[in-house]
Amino acid sequence: FFFFFFFFFKQKTAYEISACLVGSEMCIRDSFNAALNEKSMPSSIKRLKLSGYVIILVIIALASTEFGVILAQFNDIKENINMVKYSRERIAVQMKMAFYINKIVLIVKGENIHPNMHIKNEDLRNSNIATAQGYIAESLNRYYEIQNLISLSKLSLSKDNKNLYSDKCVTLYYKGSGTENITKSYTLTEAIQQLASEVFTVHSLPLGLYVLGNDDIDFVLHNSFADLYTKMAHSADLFIKELKDRGDKKKISIYILYAFELAACFGSIIFLFPMVSSVSQTRLSVLSLFLDIPQNNVRLLEKKAEKFVSKSNEEVVDDILSHEGDILTGSLTLNANAEIESSRTGRHKRKFKNNNTSNAMFYLQYGFAVLIMAGYFSFNFATAYVFLGRIAKYGRELDATTGIHAETTNSYAVYQELVGHRMLLMMTENEAFQYLAKDKIPLMYTTASEIQNSHNDNQGSFKEDYKDTFIEIMRDDLCRYKTHFGFTFISCDGFLDGTIVEGLHPVIINYIEKLREKLTAYRAYMPDTGDTSANEEITEKFLTLKDMSDMELTVFEVIDFSIKYLIDALIESYTSQYDGEVTKRIILFVCFIILLLIAFLAIWTPFTNWLNEEVCQY
């Protein structure tokens, strides 16, 4: 608008300063235009001009609001996706820390109690312990990192999820006197920090203190599977629910914005109709005042104007100005004489053109502009609707992929705890068995199938890069990634009886089947009395099996590394689409605003100026 006013102001000033440099006809026209200032402009034309400014400001405001809202929606969804990843990975990392702390405890326990479990090769013993401690330190660092990312996120949370991080709803268990435990309540963030602090303490313990009964070790092993785990899993499920709800709610908001945009575009025509009609009536009224002025009088005024603008001498100009009254007086006299002559010669009075044609042309041009604006808003609405519509399907695959990561690590850590100590806080031995056999195993089967099914349903939603990555990880030979993932087992092709060369999906099924077989075998040895005391015979039988080390490598290397790689590829696929949508919308928004201003200057301003000239030329 500053450019608009500055341009026309400079144009007007240039003509006034250099009137003698242009033709007499242009000078006459510009002299009349200069005389028609804001004070002399009819109020109806002023209202029409003001209406134009109001309309363009409303359209720009709506376009800017839509641009900001949609970008904010896309950004929230992107952040929500990351929160799903972090919350599920946080569970997996916690289970990994608990597993390797417990592994060191079992190594020390075997050396102290079970001669058959003693690792006679000192180098192998030290290697196993060093590897476990390395995993603990690595996992603890990642645990802190994930928690910081979640805590620093500005994503708006649902009420239930917000309560987990603001209310003291997580119960942690501390060893009390005798057999009783002390409980304290924390927020989820505080509870995670408490656990992380204890893991850091445990990591620094000498090997001789890695025994059950140590307060720090008991705190970590008990709370990793108790209420803290339940609340963490609940928070992850809420992030998934929020992602799906966010996609649905954003659709409603863009529906509302789209309705307002169309109402503003087409409603502006209705809004302008009385304004244009009022200007037309005013124009008719003004022009009708000049119908009685004969042609001779107009010619005389024209000659006087030409004489005025052609004289550069100030004395002549002053002389003309001093006779201004005579001109007006002479006009009246000539008017009377011309009327007599007109009646004598039978000449007809001048007529002006009907303005219906000009109004129709204006509505045609403005209607075309409205269609362009409506097309822009419709395109934005359609693309946003399609993009948001993919969120539900996308969230389904993300839920399954991140879910299998958390469930496999949790199930195996619980199984190790069960066969190693036959006790879990808040669970009896039988309850822990039922937890794995009836809850986790069916859930893992369902989740593994859901990964495949959801991906098949999303074939049209992702780029070819992610589709290729999914096939390579889930259905092709994983040994090609041995160096990239850092697998520690020597013979990759023969690992898990060659299942690894068939892809991650068969590996996951193989792990679930083995866990089911181990639980079936464990059931045969589990005493019917429900005694929860440590059974050394069962511990020795199950912990010395080679399958335990194979299952450990399966969960914490093959599945862990592969599934994280697949999750990152999945999120990268969404991010690339997100970045493409953002770039496209920025370009469209800038082009729309530029075209809108150009159309305003090319249609609206000439139209209002033409109305003024129509009044002035008579």
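Residues numbered from 1 in each chain as written. Predicted model: local features only at pLDDT ≥ 70, side-chain atom pairs only at ≥ 80, totals over all residues. Heavy atoms only, no water.

> Please explain the packing of aromatic side chains as it appears in this structure.
Any aromatic ring pair is given by two values, namely how distant the centres are and how the planes are angled relative to each other. One pass over the full model with this rule turns up 29 aromatic pairs. Here the aromatic rings of Tyr 100 and Tyr 135 are separated by 4.7 Å at their centres, their planes lie at 35°, and the arrangement is tilted. On the criterion of sequence distance, the pair formed by Tyr 100 in helix α3 (residues 43-113) and Tyr 135 in helix α4 (residues 122-152) is long-range, its members being 35 residues apart. This pair shows no difference in class: Tyr 100 is buried, exactly as Tyr 135 is. Among the aromatic residues, ring-to-ring pairing joins Phe 99, Tyr 100, Tyr 135, Tyr 412, Tyr 415, Tyr 511 and Phe 556 into one connected group. Just above the ring of Tyr 174 sits the side chain of Lys 184; from NZ or CZ to the centre is 5.3 Å. (Phe/Tyr/Trp six-rings, centres within 6.5 Å; stacked < 30°, edge-to-face > 60°. Helix = DSSP H or I, 4+ residues; strand = E, 2+ residues; numbered from the N terminus. Buried < 20%, exposed > 50% of the residue type's maximum accessible area, 1.4 Å probe, protein only. Lys NZ or Arg CZ within 6 Å of the ring centre and 35° of its normal.)

> Please clarify how the state of the cysteines should be interpreted in this entry.
Covalent bonding between the sulfur atoms of two cysteines defines a disulfide. Counted by the stated rule, this structure contains 1 disulfide. Across the disulfide from Cys 479 sits Cys 492; the S-S distance is 2.1 Å. When the S-S torsion is -100°, as for the bridge of Cys 479 with Cys 492, the disulfide is left-handed. Linking Cys 479 in the loop between α14 (464-474) and α15 (482-485) with Cys 492 in the loop between α15 and α16 (504-525), this pair joins segments that are 13 residues apart in sequence. Residue classification places Cys 479 among the buried residues on the basis of a relative accessible area of 14%. (Disulfide = S-S within 2.5 Å.)

> Hey, could you run me through helix α13 (residues 429-457) in this one?
Along an α-helix, residues three or four positions apart point the same way, because every turn accommodates 3.6 residues. An ideal rise of 1.5 Å per residue puts 42 Å on 29 residues; α13 measures up with 41 Å between its terminal C-alpha atoms. Maximum bend of α13: about 30°, positioned at Lys 440, with proline Pro 442 one to four residues after it. (Expected span 1.5 Å × (residues − 1). Bend = angle between axes of the 7 residues up to and from the residue.)

> Would you explain the confidence of the model for the chain in this entry?
Interpretation of this model should avoid reading the predicted coordinates in detail wherever pLDDT is low. On average, residues of the chain score 78 in pLDDT, and 71% of them reach the 70 mark or higher. Ranking the elements of the chain by mean pLDDT puts helix α1 (residues 2-17) last, at 41, and helix α6 (residues 188-203) first, at 95. Overall, residues 1-29 carries pLDDT values under 50, and its contacts beyond four positions in sequence, including any with other chains, amount to 18 contacts. Confidence over residues 112-118 falls short of pLDDT 50; this stretch has 16 contacts with residues more than four positions distant or in other chains. (pLDDT = per-residue confidence, 0-100. Contact = heavy atoms within 4.5 Å.)

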